[in-house]
Amino acid sequence: MDKVDLDTARTFEANRRHLMGVAYRMLGAVSEAEDVVQEAYLRWHRAEQSEVRNAQAFLTRIVTRLCLDQLKSARQKRETYVGPWLPEPVLDAADYAGDAQNDYAHDMSVALMLALERLSPLERAAFILHDVFEVEFDEVGAALGRSGAACRQLSSRAREHLRAERPRFKVSAEDGDRFASAFLKAAQSGNTADLRSLLAADAVMQSDGGGIKMAAIYAVKGGDKIAHFLERVFRKYGEQRPVRIGQINGMPGVITMDSEGTVQSVALEIHDGLIAAIYVVRNPHKLAHIAEQSVSRDKKGT
């Protein structure tokens, strides 16, 4: 590799986390985000480097446009998706965080990701670029093919939609691990009373099996119903072996594995000391990156 190619690669790698952060928030899928970033890498190598004044802005425009194209087909697929659709879980949210200091730059919660899904593609892009990554509106406009003023309006509408959707309470990593451990212990015991004591009265559980793995087709609503549902699951299928307790999308969570080696992720949203929402991903297509890490960790006994 000559010096020019090496410099080109280094410049791209310096922006990879930023680009993955944009792509993951746009698409809600690690695998698709990686594909988009790889395509951006190829286009970057084909670009006339001497004409690029700002590498990050140039690369962000490429990734944003690729994501907008991807969303067209993704939305059609989700119309026929079996059961609730949840984003692909990520274990280390810092790998997708923005360099900005605002709250949105570090918010990878499932609730926010689902709220982003309900925005139009242009609203989503404008919000992610400006409110998460603090890109100026003129540059947002260059990426979206709109005026800066139009992008300001898109971002404002998105912000209004999202304001009520974000989790209102945050817990420390240590407290989160305790919540996750207590939830896992209660679920594995099959004791509905223990489970019910951890759940808010209006708690909601969503399970994403994608029509591939067994999962609830509809959201289970209410602490009592969730406790009884999980008790029935435990009675029928037995316990899930914990592989990892730690954050998932920056939320308390646990990765488990059943006797057949099927991995699932469980992320918990905590309000006022109780579990308000449970997000279970069982679709293996969404867990390949986590399954690989989890199996490796499990073999090491950590």
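For the structure, check the block above.
This next bit is on the pattern of salt bridges. Considering all chains together, one arrives at 13 salt bridges under this definition. Measuring nitrogen to oxygen at the nearest pair gives 2.6 Å for the salt bridge that ties Arg-61 to Glu-139. With Arg-61 in helix α3 (residues 55–79) and Glu-139 in helix α6 (residues 137–144), the pair connects residues that are 78 residues apart, well separated along the chain. Overall, Glu-139 belongs to the partly exposed group, its relative accessible area being 24%. Its salt-bridge partner being Asp-69, residue Lys-72 comes within 4.0 Å of it at the nearest N-O pair. With Lys-72 and Asp-69 both in helix α3, this residue pair falls 3 residues apart, about one helical turn. By sharing partners, the salt bridges in this structure join Glu-39, Arg-43 and Arg-46 into a single network.

Turning to the environment of His-289, a few remarks are in order. Looking at the element boundaries, His-289 is found in helix α11 (residues 288–300). It is 8.2 Å that separates the C-alpha atoms of His-289 and Val-30, two residues lying 259 residues apart in sequence. Here His-289 is in contact with Val-30, Glu-88 and Pro-89, once residues within four sequence places are set aside. Among the polar contacts listed, one links the side chain of His-289 to the backbone oxygen of Pro-89, at a separation of 2.7 Å.

Turning our eyes to something else, we now look at α6. Every buried residue of α6 is listed here: Phe-137, Val-140, Gly-141, Ala-143 and Leu-144. Seen end-on, α6 carries its buried residues on one side only, within an arc spanning 160°. Gly-145, located one to two residues past α6, shows a positive phi value of around 70°.

Quick look at α3 now. In this model α3 runs 36 Å from its N-terminal to its C-terminal C-alpha over 25 residues, within 8% of the 36 Å that 1.5 Å per residue would give. At Leu-71, α3 shows its largest kink, close to 30°. Its side-chain oxygen 3.1 Å from the backbone nitrogen of Gln-56, Asn-54 forms the N-cap of α3.

Conventions we followed
- Residues numbered from 1 in each chain as written.
- Predicted model: local features only at pLDDT ≥ 70, side-chain atom pairs only at ≥ 80, totals over all residues.
- Heavy atoms only, no water.
- Salt bridge = Lys/Arg side-chain N within 4 Å of Asp/Glu carboxyl O.
- Helix = DSSP H or I, 4+ residues; strand = E, 2+ residues; numbered from the N terminus.
- Buried < 20%, exposed > 50% of the residue type's maximum accessible area, 1.4 Å probe, protein only.
- Contact = heavy atoms within 4.5 Å.
- Polar contact = N/O pair within 3.5 Å; in protein donor to acceptor, adjacent residues only side chain to side chain.
- Arc of directions from axis to C-beta.
- Expected span 1.5 Å × (residues − 1).
- Bend = angle between axes of the 7 residues up to and from the residue.

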